[in-house]
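Architecture and fold: a report
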Amino acid sequence: MPDTHLPLHRVATATERLFPTLTAAQMARISTHGRRRKIAAGEILVDVGDKAVPFFVVVSGAIQILRPSGATATLIVTHRPGEFLGEGNMIAGRRALIRALVSEPGEVLELDRQQLLALVQTDAELSEIVMRAFILRRVELIAHGFGDVVVIGSTHCAGTLRVKEFLTRNGHPFAYIDLDQDAAAQELLDRFNVTAADVPVLICRGDAVLRNPSNQQIADCLEFNEAIDQTHVRDLVIVGAGPAGLAAAVYGASEGLDVLVIESNAPGGQAGSSSKIENYLGFPTGISGQELTARAYAQAQKFGAQIMIARGATALACDQQAYAVRIDEGMPVPARAVIIATGAEYRKPPLENLSQFEGAGVYYAATPMEAQLCVGEEVVVIGGGNSAGQAAVFLAQTVTRVHMLIRADGLADTMSRYLIRRIEDNPAIVLHTRTELVTLEGNGHLERVRWRDNSNSSIEARDVRHVFIMAGAVPNTHWLERCVALDDKGFIKTGPDLSPEDLAAAAWPLARPPYLLETSRPGIFAVGDVRGGNIKRVASAVGEGSIAIAFVHQVRHQ
Ligand SMILES: Cc1cc2nc3c(=O)[nH]c(=O)nc-3n(C[C@H](O)[C@H](O)[C@H](O)COP(=O)(O)OP(=O)(O)OC[C@H]3O[C@@H](n4cnc5c(N)ncnc54)[C@H](O)[C@@H]3O)c2cc1C
């Protein structure tokens, strides 16, 4: 691939990919989308917290990118002619995290956000250069904790992991102070009368102090959803931003539909909680679920899809002509077509004090964030599917022992062969067949577990502080309130799986039968793990999300 002005035979270095220099021809193409203007030394083009940040390309002069802190500022980089400013927040329309100061006078090309989106949607070469640099720059900001958020928490407090995970999954950089390791932080909190019950504390954009905030409060403080208009009728509302919903958003928005995605937590879905996906086409060495879905999130936004974060769909009004999705306590969003991509979540074992330890020893994901908490300890993984296998293999790299508990006699019926082989070959993983967890014990944090071997009813107690639950799948369909036909396990029935009785019960109004992914209501589709009969894989979720868009077009033209 020709990279900016590099000779064809030379691969760009990491720095060149982060801070590419554009050719004269590329700059000429950008200039047709925006305006050219002079800049004066000392002028602040962008400051921390600014909204609606324009995209600047340096024509002449120099611009410093600074990270202000009190009266001083750290220089991150100086942009010179041919280089452009900005990072991922420009595509998402979020506030600036840095200051851009003109250090030498000259000229810039300036594009507003809409002009930038038009550029990346229409110019494939520049899209690749700009999007790649934006994503890499955001990764650098995250790696250095150069954000506008400070989280003060403790590994003993369940909310801390949730808050860190929410920010990470949303690609939002933050600095973290651990109360268990930083005595000064505790003194500071004491002075503000913050008690242990208030932890985690989040200092948002330098001023607001949020005590054990919900994900919704964090999203509100960081204005993740500010630019979203909930009142106009959308061509398509997608519920759920896992792989299926994100794929539908990419295809829908790139094909000109006005798309809104509603996500109750953070983008990525179950795939976002996977340490490494090795069987998704095109990634022979594997890719973390977080990285795969972060790319999809950026891609959907690049094509103009809007993604509402930390807002759950609570009901679907499906009796009227234009459908409407009700969101938490907010206004219903009207839609001509709806794609349900709400996926599934792990079944919770019936342990009476389970909720007490969720996030404090009991986890439903195995990413580097959870792995960090149990380095050098013994852990339990519950489940015999691929996700449990993947978690066991991943955790075995850093823990002393992984106890895999499964109810069945073996893994052959539920897990891919490549994972079974890795488990068998790994001396750190001990498989306990016909076994289930029976008790959790601890004070604040999980300290001890007991499991029962069902073949002889013997109980074993173990000082284990970390349990990963990855078994069974419950579809997220409770919010639909029977609006669409469900199968006996609660998954959504679509296309040929709908019986004449299902269609009669829903008063199916058309002469044609439902399309392949269409539910018992015309124009309402179901894709991915939430759909009955779906194969629970990233690739099938992505495939279904993309092909559903073809049916949305057909319904629109009827
Ligand atoms: C740990 C783990 C590892 C895995 N590894 C692999 C692998 O290696 N290879 C593979 O192919 N598959 C793997 N899978 C399976 C794969 O991740 C899923 O099949 C895939 O994520 C399904 O995508 P989806 O979009 O249909 O649903 P999900 O990923 O479940 O996404 C659904 C989204 O909808 C949101 N949502 C739910 N209810 C609402 C609501 N009411 N309003 C708004 N939003 C809502 C959820 O928060 C979620 O973000 C793994 C799964 C897990 C958990």
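Our subject is the structure listed above.
Residues numbered from 1 in each chain as written. Predicted model: local features only at pLDDT ≥ 70, side-chain atom pairs only at ≥ 80, totals over all residues. Heavy atoms only, no water.

**Overview of the overall build of the protein chain**
As a reminder, the rule being used: Each helix is a run of DSSP H or I of at least 4 residues and each strand a run of E of at least 2, with the numbering of both proceeding from the N terminus. For this measure, only C-alpha atoms enter the radius of gyration; the expected value for a globule follows 2.2 Å times N^0.38, where N is the number of residues. Think of it in three bands: with a 1.4 Å probe and only protein chains considered, a residue is buried below 20% of the maximum accessible area for its type, exposed above 50%, and partly exposed in between. Every accessible area reported is derived by Shrake-Rupley at a probe size of 1.4 Å, with residue values counting cover from the shown protein chains alone. Positive charge is attributed to Lys and Arg, negative charge to Asp and Glu, and no charge count is given to His or to the chain ends. A single reference atom marks each charge: NZ on Lys, CZ on Arg, CG on Asp, CD on Glu.
Secondary structure summary: the protein chain contains 16 helices and 26 strands in total. In terms of overall size, the protein chain behaves like a compact globule, its C-alpha atoms giving a radius of gyration of 25 Å where 558 residues would be expected to give roughly 24 Å. Evaluated residue by residue, the protein chain yields a buried proportion of 53% over its 558 residues. A total accessible area of about 24600 Å² is found for the protein chain, and carbon and sulfur atoms account for 52% of it. Charged side chains in the protein chain number 52 positive and 62 negative. The centres of these two groups are separated by 3 Å.

**Structural notes on the site of the ligand**
Test applied: Throughout, near means a residue has at least one heavy atom within 4 Å of the molecule or strand. A 3.5 Å cut-off defines polar contacts: any pair of N or O atoms within that distance qualifies, except that in protein one atom must be a possible hydrogen donor and the other a possible acceptor, and neighbouring residues in sequence count only when both atoms are side-chain atoms. By the convention adopted, Pro, Cys, Tyr, Trp, Phe, Met, Ile, Leu, Val and Ala count as nonpolar, Lys, Arg, Asp and Glu as charged, and the other residues, Gly among them, as polar.
In the region of the ligand, 34 residues are neighbours, and Glu263, Gln270, Asn279, Gln390 and Asp529 sit closest. Here a nitrogen atom of the ligand sits 2.8 Å away from a polar atom, N or O, in the main chain of Ala313. Backbone polar atom of Arg537 to an oxygen atom of the ligand: 3.3 Å apart, as the coordinates give it. When the ligand is considered free in solution it has 990 Å² of accessible area, and contact with the protein chains removes 93% of it. Of all the secondary structure elements, the ones that give two or more residues to the shell around the ligand are helix H9 (243–254), strand S16 (344–346), helix H13 (386–395) and helix H16 (538–556). Residues that form the shell around the ligand fall into these classes: 15 nonpolar, 15 polar and four charged.

**Here we look at the side chain of Gln390**
Cut-off, in case you're wondering: Throughout, a residue-residue contact means that at least one pair of heavy atoms, one from each residue, lies within 4.5 Å.
Among the secondary structure elements, Gln390 is positioned in helix H13. Not counting the four nearest positions on each side in its chain, Gln390 is found in contact with Ser274, Ser275, Lys276, Ile277 and Leu419.

**Here we look at the state of the cysteines**
Here is the idea: a disulfide is a covalent bond, and it sits between the sulfur atoms of two cysteines. To be explicit about the condition: Disulfides are defined in this document as cysteine sulfur pairs within 2.5 Å.
Within the structure shown, the criterion is met by two disulfides. The disulfide partner of Cys204 is Cys221, and the S-S distance across this bridge is 2.0 Å. On the sign convention where negative means left-handed, the S-S torsion of about -115° between Cys204 and Cys221 marks this disulfide as left-handed. Of this pair, Cys204 sits in strand S8 (residues 201–204) while Cys221 sits in helix H8 (residues 215–221), placing them 17 residues apart in sequence. Judged by its relative accessible area of 1%, Cys204 is buried. Sulfur-sulfur distance for the disulfide between Cys318 and Cys483 comes to 1.8 Å. Here Cys318 is found in the loop between strand S13 (313–317) and strand S14 (323–327), whereas its partner Cys483 is found in the loop between strand S25 (473–475) and helix H15 (500–505), with 165 residues between them in sequence. Counting only the cysteines that form disulfides, in the order they appear in the protein chain, gives the pairing 1-2, 3-4. The cysteine Cys157 is free of any disulfide, with Cys374 supplying the nearest cysteine sulfur at 17 Å. Accessibility expressed as a relative area gives 15% for Cys157, which makes it buried.

**Quick word on the sheet that holds strand S22 (residues 445–453)**
Formally: By definition, two strands form a pair when at least two bridges between them are found by DSSP. Note on geometry: axes are lines fitted to C-alpha atoms, helical ones only across the stretch in contact, with angles between N-to-C directions running from 0 to 180 degrees.
Strand order in the open sheet made by the three strands is S21-S22-S23, with antiparallel pairing throughout. Only two strands of the sheet have a single partner each, and these edge strands are strand S21 (435–443) and strand S23 (458–462). Across this sheet, the average inter-strand angle for adjacent strands is 20°, counted without regard to direction. Sheet analysis places S21 next to S22, joined by eight bridges and oriented antiparallel. Looking at the pairing, Gly442 lines up with Leu446 of S22.

**Quick look at the sheet that holds strand S6 (residues 149–153)**
Taken in spatial order, the four strands line up as S7-S6-S8-S9 in an open sheet, and their pairing is mixed. Two strands bound the open sheet, and with one partner strand each, they are strand S7 (175–178) and strand S9 (208–211). Strand-to-strand twist in this sheet, taken as the mean axis angle between neighbours without regard to direction, amounts to 20°.

**Focus on the packing of aromatic side chains**
We apply this condition: In summary, the pairing rule links any two rings of Phe, Tyr or Trp, Trp by its six-membered ring, whose centres are within 6.5 Å, and it sorts them by plane angle into stacked for under 30 degrees, edge-to-face for over 60 and tilted for everything else. By the criterion adopted, a ring carries a charge over it if an Arg CZ or a Lys NZ lies within 6 Å of its centre and within 35 degrees of its normal.
In total, this model carries eight aromatic pairs according to the counting rule given. Note on Phe55 and Phe134: the rings are 6.1 Å apart at their centroids and 75° apart in plane angle, and the pair reads as edge-to-face. Separated by 79 residues along the polypeptide, Phe55 in strand S3 (residues 55–69) and Phe134 in helix H5 (residues 124–143) bring together distant segments of the chain. On the basis of relative accessible area, Phe134 is assigned to the buried category, the value being 1%. Ring geometry for Tyr515 against Phe551: centres 5.3 Å apart, planes inclined by 20°, an arrangement best described as stacked. Within this pair, whereas Tyr515 is found in the loop between H15 and strand S26 (524–526), its partner Phe551 is found in helix H16, the two being separated by 36 residues in sequence. Classification of Phe551 by relative accessible area gives buried; the value is 15%. An aromatic cluster of at least three residues, connected via ring pairs, comprises Phe55, Phe84 and Phe134. Over the ring of Tyr176 we find Lys164; its NZ or CZ atom is 3.9 Å from the centre of that ring.

**Quick notes on the pattern of salt bridges**
Selection criterion: Any carboxyl oxygen of Asp or Glu within 4 Å of a side-chain nitrogen of Lys or Arg constitutes a salt bridge here.
Per the stated rule, a full pass over the model turns up 33 salt bridges. Its salt-bridge partner being Arg80, residue Glu104 comes within 3.4 Å of it at the nearest N-O pair. On the criterion of sequence distance, the pair formed by Glu104 in strand S5 (residues 99–111) and Arg80 in the loop between strand S4 (72–79) and helix H3 (89–92) is long-range, its members being 24 residues apart. By relative accessible area, Glu104 is classed as partly exposed at 38%. Asp258 is the partner of Arg234 in a salt bridge, and the nearest nitrogen-oxygen pair spans 3.0 Å.

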